[in-house]
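Chains, contacts and geometry: an overview
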Amino acid sequence: MGLTMSQKIISRHLLSGEMTAGCEIAIRIDQTLTQDSTGTMAYLQFEAIGLPRVKTELSVAYIDHNTLQTGFENADDHRYIQTVAKKYGILFSKPGNGVCHQVHIERFGVPGKTLLGSDSHTPTCGGIGMLAIGAGGLDVAVAMGGGPYYLTMPRMVKIELSGRLQPWVSAKDIILEVLRRLTVKGGVGKIIEYAGDALAHLTVPERATITNMGAELGATTSIFPSDDVTRAFLSAQGREEDFQPLEPDADAVYDEYWHIDLAELEPLAARPHSPDNVATVRRIGPIAIDQVAIGSCTNSSLMDMLKVAAILKGRSVHPDVSLVIAPGSRQVLNMLADRGALSDMIAAGARILESACGPCIGMGQAPRTNAVSLRTNNRNFYGRSGTASASVYLVGPEVAAASALTGVLTDPRTLGPAPQISLPSHFSVNDNLIIPPAENGSSVEVIRGPNIKPFPVNQAIAGDIAGKVLITVGDDITTDHIMPSNAKLLPYRSNVPYLADHCLTPCDPEFPARAKAEGGGFIVAGANYGQGSSREHAALAPLQLGVRAVLAKSFARIHMANLINNGILPLQFKNPADYDHLGLLDELIIENAEAQIRDLASGQPLAVLNRTRSISIACSSDLSDRQARILLAGGLLNDTRAREQTD
Ligand code: MIC
Ligand code: SF4
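Below, the structure is looked at part by part. (Residues numbered from 1 in each chain as written. Chains lettered and ligands numbered in written order. Predicted model: local features only at pLDDT ≥ 70, side-chain atom pairs only at ≥ 80, totals over all residues. Heavy atoms only, no water.)

**Considerations on the overall build of the chain**
Regarding its fold elements, the chain presents 21 helices and 27 strands. C-alpha atoms of the chain, sized along the principal axes, occupy 70 × 55 × 50 Å. Buried residues in the chain amount to 64% of all 647 residues. A total of about 22000 Å² of accessible surface is found on the chain, and carbon and sulfur atoms cover 48% of it. Here the chain holds 55 positive side-chain charges and 66 negative ones, and the gap between their average locations is 3 Å. (Helix = DSSP H or I, 4+ residues; strand = E, 2+ residues; numbered from the N terminus. Buried < 20%, exposed > 50% of the residue type's maximum accessible area, 1.4 Å probe, protein only. Areas by Shrake-Rupley, 256 points an atom, 1.4 Å probe, with all protein chains shown as cover. Lys, Arg positive; Asp, Glu negative; His and termini not counted. Charge placed at Lys NZ, Arg CZ, Asp CG, Glu CD.)

Right, here's the structure in full:
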């Protein structure tokens with residue numbers, strides 16, 4: 001039987017397990033990336049593992065999220081990461097060099113290799129045929145130490161793209177169409193592979209927009225073949241030697257198949273507050289807008305920016321609109337300047353931001369109360385812009401730029417002929433913002449600012465687990481609900497006790513106080529709990545508050561791994577209707593938890609007794625023996641230490 005592209009890469013990196021969907025496998029990781037909002041924690045954990053140097057082929061530490069320096073905290077964390085990188089053999093990408101995914105695909109991604117990143121949009125590098133996966137910081141720390149990365153072997157989905165995009169329709173519309181069809185839960189446990197005759201006309205930056213937002217499907221990753229288009233991109237980046245071809249075998253077997261005729265697509269938008277709430281721009285109509293933000297790791301490539309500049313050239317931004325533009329990398333910004341396109345943007349009235357995540361993660365540019373904000377980002381989760389009452393619509397760069405001019409949501413097809421932009425044959429390469437590590441790091445001093453606080457570590461599970469229901473929440477709760485992140489909170493990513501006081505507050509402002517008063521307990525949730533970010537803080541903050549288990553209808557992949565890594569039990573209702581048999585402050589107990597968790601791994605249900613209502617609720621969990629062992633040890637760090645002692 002033939003292999004898919006990802007099965008080929010996995011088979012070459014397989015350390016243990018069987019490549020059968022649903023089985024736990026371990027793979028070798030060639031490259032890692034971190035960014036600063038998850039990186040501080042990942043490096044604290046790497047230090048706790050106690051190795052002298054990373055063992056990967058390449059590891060890069062990016063500074064791109066926490067770039068507003070309104071106090072000492074972010075700058076302190078940046079210095080910490082820089083000194084850790086120097087000491088342990090990691091390349092350091094300075095603030096200003098760009099968003100991790102954009103820079104990684106430009107300068108480091110290699111087809112056929114594996115990449116693990118402490119950011120959920122790591123699959124961006126699937127755009128050049130890399131198996132690129134997002135994970136929690138601790139998993140990345142282990143991979144930096146040369147340890148295996150464990151994941152459930154995903155099912156394979158083929159999406160065939162045929163035909164040509166119409167003028168003014170772009171890659172963003174393709175992935176929004178995929179989201180419309182599959183929804184934010186549709187990719188869980190799956191890898192999405194793209195195929196079809198349309199690929200010959202999709203450049204690497206366009207492919208990367210699509211793989212980037214595969215994260216919004218909940219997919220493990222997404223991948224494109226590595227072909228002549230990939231070779232042209234790598235060669236334009238001056239690194240043709242990194243090219244490796246990759247395609248599926250002709251008889252590769254897929255579990256699911258979709259077909260999209262690109263010629264049928266029209267400009268789309270994802271309405272508040274979910275990336276799968278998709279409709280045509282035409283149908284939504286000309287709603288008045290207050291803000292347009294162009295950038296983020298989804299649509300900040302040179303091609304995207306040149307299109308925007310061409311649309312803005314010789315025109316003016318509407319008086320009621322604030323247009324902010326953040327080019328994805330210093331390379332993009334430099335080339336925009338060289339070509340005069342930056343000048344066109346500035347002349348039109350755009351506010352140019354540094355090359356960083358910026359508005360996408362609420363690091364500045366929070367819109368006004370009740371604002372309508374159009375963004376080329378990948379996520380429009382509730383509150384993420386920094387303004388709870390704002391309505392964020394996700395659109396492609398063409399819709400964004402056209403609307404910035406008119407002041408209303410605009411179908412760009414009304415603007416006349418579309419600008420014709422093609423990939424340059426040479427990108428200007430300047431890596432002087434990438435700082436190499438010390439040859440020998442043993443004498444390098446790691447500098448820690450006062451904001452860095454010890455992170456909570458769980459205890460081994462013994463006896464019963466008892467406590468009250470501390471909160472009940474619905475379906476599709478995102479990590480932005482669990483651990484909100486905005487300009488005020490992001491500086492505390494290395495201070496979990498501080499962050500814990502904000503945990504789940506968008507759902508219930510009383511949650512942290514209640515959890516503390518009750519001495520911890522249980523979270524009850526609907527389907528797809530923890531979708532979105534890879535932030536481990538969405539597990540660390542509940543741990544800090546004493547949360548022992550989460551009972552949910554289903555979990556998002558990265559968040560479930562983060563819960564297990566921190567010793568918090570992720571339990572799935574066997575009968576989803578049992579969700580209704582749990583109320584706030586109900587008293588729950590898992591008797592003899594140790595034995596029950598072992599049984600879970602062998603497929604037996606675990607009983608949660610609701611003492612308040614005198615009923616027993618059967619739960620399951622797709623736990624491997626390894627994961628059960630980690631839970632029993634009280635998390636991955638404890639487990640790793642215990643195993644080191646017995647070796
Ligand atoms: C995001 O887009 O939500 C982030 C911020 O990049 C996160 C990482 C984080 O929470 O620090 C992600 O996608 O994993
Ligand atoms: Fe940064 Fe936004 Fe991309 Fe996350 S999604 S890495 S915050 S640009």
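The structure having been displayed, the exposition proceeds.
**Here's the deal with the site of ligand 1**
In the vicinity of ligand 1, 14 residues are found, and the nearest of them are Ser37, Asp119, Ser120, Ser534 and Arg535. Between ligand 1 and serine 37, the relevant distance is 2.4 Å, taken from an oxygen atom to a side-chain nitrogen or oxygen of the residue. Within the contact set of ligand 1, an oxygen atom lies 2.8 Å away from a side-chain nitrogen or oxygen of arginine 493. Coverage of ligand 1 by the protein chains reaches 97% of its 330 Å² of free accessible surface. (Near = heavy atom within 4 Å. Polar contact = N/O pair within 3.5 Å; in protein donor to acceptor, adjacent residues only side chain to side chain.)

**A short note on the site of ligand 2**
Every residue near ligand 2 is listed here: His65, His101, Asp119, His121, Ser296, Cys297, Cys357, Cys360, Ile361, Asn378 and Arg384. Of the residues belonging to the shell around ligand 2, the class tally is four nonpolar, five polar and two charged. (Nonpolar A, V, L, I, M, F, W, Y, C, P; charged D, E, K, R; others polar.)

**Some remarks on the nonpolar core**
Counting 104 residues, the largest nonpolar core has Phe511, Tyr529, Leu571 and Ile597 as its most contacted members. The element contributing the most residues to this core is helix H5 (residues 137–144), with six residues. Once residues within four sequence positions are removed from consideration, tyrosine 529 is found in contact with Val473, Ile477, Ile482, Leu504, Ile523, Val550, Ala552, Ser554, Phe555, Ala556 and His559. (Core = buried A, V, L, I, M, F, W, Y, C linked by side-chain atoms within 4.5 Å. Contact = heavy atoms within 4.5 Å.)

**Some words on the pattern of salt bridges**
Counted by the stated rule, this structure contains 28 salt bridges. Between arginine 379 and glutamate 216 there is a salt bridge whose closest N-O contact spans 2.7 Å. Separated by 163 residues along the polypeptide, arginine 379 in the loop between strand E18 (372–375) and strand E19 (391–395) and glutamate 216 in the loop between helix H7 (204–212) and strand E11 (221–223) bring together distant segments of the chain. For the pair formed by arginine 379 and glutamate 216, the shared burial category is buried. A single salt-bridge network, built from bridges that share partners, covers Glu266, Arg282, Asp411 and Arg413. (Salt bridge = Lys/Arg side-chain N within 4 Å of Asp/Glu carboxyl O.)

**Some words on the environment of proline 154**
By the element assignment, proline 154 lies in the loop between strand E8 (149–152) and strand E9 (155–162). The exposure class assigned to proline 154 is buried, which follows from its relative accessible area of 3%. Once you skip the residues sitting within four places of it in the chain, proline 154 turns out to touch Ala21, Gly189, Lys190, Ile191 and Thr220.

By themselves, these are just geometric observations and shouldn't be taken as functional.
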